[in-house]
Amino acid sequence: QKEVEQDPGPLSVPEGAIVSLNCTYSNSAFQYFMWYRQYSRKGPELLMYTYSSGNKEDGRFTAQVDKSSKYISLFIRDSQPSDSATYLCAMRWTTDSWGKFQFGAGTQVVVTP
Amino acid sequence: DGGITQSPKYLFRKEGQNVTLSCEQNLNHDAMYWYRQDPGQGLRLIYYSQIVNDFQKGDIAEGYSVSREKKESFPLTVTSAQKNPTAFYLCASSISGGWDQPQHFGDGTRLSIL
């Protein structure tokens with residue numbers, strides 16, 4: 001079983017809809033959660049990061065963490081065709097000063113005009 | 001503009017050949033990382049370095065080597081011992097190696113076998 005599970009998609013939504021993405025994880029030591037956006041043939045771009053359970057908002061993006069259920073989500077409001085990309089979740093544990101990252105495999109999102 | 005520059009964008013390796021992928025950052029970050037990305041898999045850590053002249057193996061270091069002689073540079077050599085090198089290679093950096101520091105990525109090098 002992978003430590004981080006993410007549905008590969010593709011997830012197709014019409015322009016203006018809310019995109020809902022999620023990742024589940026098995027290691028309760030994960031304490032730091034990130035979402036990256038990756039366009040084709042490009043490197044991942046950091047969108048949001050959070051330490052705590054609950055919601056964190058940044059413009060059209062909302063990151064949600066539920067540590068009790070080992071579940072994180074990313075919501076994109078008012079989606080645009082430029083949001084079409086692969087979204088990677090990442091998490092890190094903090095049992096020592098060096099925290100190793102664990103990445104999900106990514107969900108491909110297609111926003112159609 | 002500050003960032004991470006990877007070169008070349010595309011690289012082809014012949015049988016038995018070693019190839020070196022370049023990674024340079026001007027963000028003044030202490031920590032640097034190399035990942036391999038394969039379709040349907042999450043990024044897998046090859047090597048990481050928290051300070052100059054020090055680096056550690058990641059999960060899939062076999063067949064790879066690195067050096068960290070300068071803070072801004074972290075080249076990766078894919079040796080002939082790596083039998084399945086075709087992949088997208090990503091270099092990343094963070095302010096420090098601390099657990100609360102996000103990583104920032106370059107735009108990758110795609111390596112293929114001739």
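Please refer to the structure placed before this passage.
Novice: Help me understand the overall build of chain A in this model?
Specialist: Helix and strand content of chain A: zero helices and eleven strands. Projecting the C-alpha coordinates of chain A onto the three principal axes gives extents of approximately 45 × 30 × 25 Å. Counting all 113 residues of chain A, 43% fall into the buried class. Taking all contacts inside chain A whose residues are at least 6 apart in sequence as the whole, residues at least 24 apart take part in 54%. A total of about 5,200 Å² of accessible surface is found on chain A, and carbon and sulfur atoms cover 47% of it.

Novice: Just to check I follow, could you spell out the overall build of chain B for this structure?
Specialist: Across its full length, chain B carries zero helices and eleven strands. Secondary structure elements of chain B, listed N to C terminal, follow the sequence β-β-β-β-β-β-β-β-β-β-β. Over its C-alpha atoms chain B spans a radius of gyration of 13 Å, differing by no more than 12% from the 13 Å that the globule rule assigns to 114 residues. Here the C-alpha coordinates of chain B stretch approximately 40 × 30 × 30 Å along the principal axes. Within chain B, the fraction of its 114 residues that count as buried is 49%. Long-range contacts, defined as pairs at least 24 residues apart, comprise 53% of the intrachain contacts of chain B with a sequence gap of at least 6. Of the roughly 5,400 Å² that chain B leaves accessible, carbon and sulfur atoms contribute 47%. A distance of 8 Å separates the average location of the 11 positive side-chain charges in chain B from that of its 12 negative side-chain charges.

Novice: Which parts of the structure should I look at to understand the sheet that holds strand 8 (residues 71-76) of chain A?
Specialist: Within a beta sheet, neighbouring strands are joined by backbone hydrogen bonds and run either parallel or antiparallel to one another. Residues and elements named next belong to chain A. Taken in spatial order, the five strands line up as 1-3-8-7-6 in an open sheet, and their pairing is antiparallel. This sheet does not close on itself; its edge strands, each paired only once, are strand 1 (4-6) and strand 6 (54-58). This sheet shows a mean twist of 20° between the axes of neighbouring strands, independent of strand direction. Bridge count between strand 3 (residues 19-25) and strand 8: six bridges; the pairing is antiparallel. When the sheet's bridge partners are listed, Ser 20 is paired in strand 8 with Phe 75.

Novice: How should I be thinking about the interface of chain A and chain B in this particular structure?
Specialist: How big an interface is tends to be reported as the loss of accessible area on association of its parts. If you look at the interface, chain A gives 24 residues, while chain B gives 26 residues. Regarding the contact of chain A and chain B, the summed buried area is about 2,000 Å², with carbon and sulfur atoms giving 57% of it. The shortest N-O distance in the salt bridge between Lys 42 of chain A and Asp 107 of chain B comes to 3.6 Å. Along the contact surface separating chain A from chain B lie four residue pairs in polar contact (both at pLDDT 80 or more). Of all the elements in the fold, those that place two or more residues in the side of chain A that touches chain B are strand 4 (30-38), strand 5 (45-50), strand 9 (85-93) and strand 10 (101-103) of chain A. For the side of chain A that touches chain B, the element with the most residues is strand 4 of chain A, which contributes four residues. Residues belonging to the side of chain A that touches chain B are distributed by class as follows: 13 nonpolar, six polar and five charged.

Novice: Before we go on, may I ask you to explain the packing of aromatic side chains in this structure?
Specialist: The description of two aromatic rings rests on the distance between their centres and on the angle between their planes. Taken as a whole and assessed by the stated rule, the structure comprises 14 aromatic pairs over all chains. Aromatic side chains Tyr 36 of chain A and Phe 103 of chain A sit 6.0 Å apart centroid to centroid with 45° between the ring planes, which places their arrangement in the tilted category. Taken as a pair, Tyr 36 of chain A in strand 4 and Phe 103 of chain A in strand 10 lie far apart in primary sequence, 67 residues in all. Seen from their ring centres, Tyr 64 of chain B and Tyr 89 of chain B are 5.9 Å apart, and the 65° between their planes marks the pair as edge-to-face. Of this pair, Tyr 64 of chain B sits in strand 7 (residues 64-66) while Tyr 89 of chain B sits in strand 9 (residues 87-94), and the two are 25 residues apart along the sequence. Of the residues examined, Tyr 64 of chain B reaches a relative accessible area of 5% and is grouped as buried. Grouping aromatic residues by their ring pairs yields a cluster made of Tyr 36, Phe 101 and Phe 103 of chain A together with Tyr 33, Tyr 35 and Phe 105 of chain B. Lying over the aromatic face of Tyr 49 of chain A, Lys 56 of chain A brings its terminal NZ or CZ to 4.5 Å of the ring centre. The positively charged end of Arg 68 of chain B is found above the aromatic ring belonging to Phe 74 of chain B, 6.0 Å away from the centroid.

Conventions adopted
- Residues numbered from 1 in each chain as written.
- Chains lettered and ligands numbered in written order.
- Predicted model: local features only at pLDDT ≥ 70, side-chain atom pairs only at ≥ 80, totals over all residues.
- Heavy atoms only, no water.
- Helix = DSSP H or I, 4+ residues; strand = E, 2+ residues; numbered from the N terminus.
- Buried < 20%, exposed > 50% of the residue type's maximum accessible area, 1.4 Å probe, protein only.
- Contact = heavy atoms within 4.5 Å.
- Areas by Shrake-Rupley, 256 points an atom, 1.4 Å probe, with all protein chains shown as cover.
- Rg over C-alpha atoms; globule rule 2.2 N^0.38 Å.
- Lys, Arg positive; Asp, Glu negative; His and termini not counted.
- Charge placed at Lys NZ, Arg CZ, Asp CG, Glu CD.
- Pairing = 2+ DSSP bridges.
- Axes fitted to C-alpha atoms, helices over the stretch in contact; angles between N-to-C directions.
- Buried area = accessible area lost by both parts, 1.4 Å probe.
- Salt bridge = Lys/Arg side-chain N within 4 Å of Asp/Glu carboxyl O.
- Polar contact = N/O pair within 3.5 Å; in protein donor to acceptor, adjacent residues only side chain to side chain.
- Nonpolar A, V, L, I, M, F, W, Y, C, P; charged D, E, K, R; others polar.
- Phe/Tyr/Trp six-rings, centres within 6.5 Å; stacked < 30°, edge-to-face > 60°.
- Lys NZ or Arg CZ within 6 Å of the ring centre and 35° of its normal.

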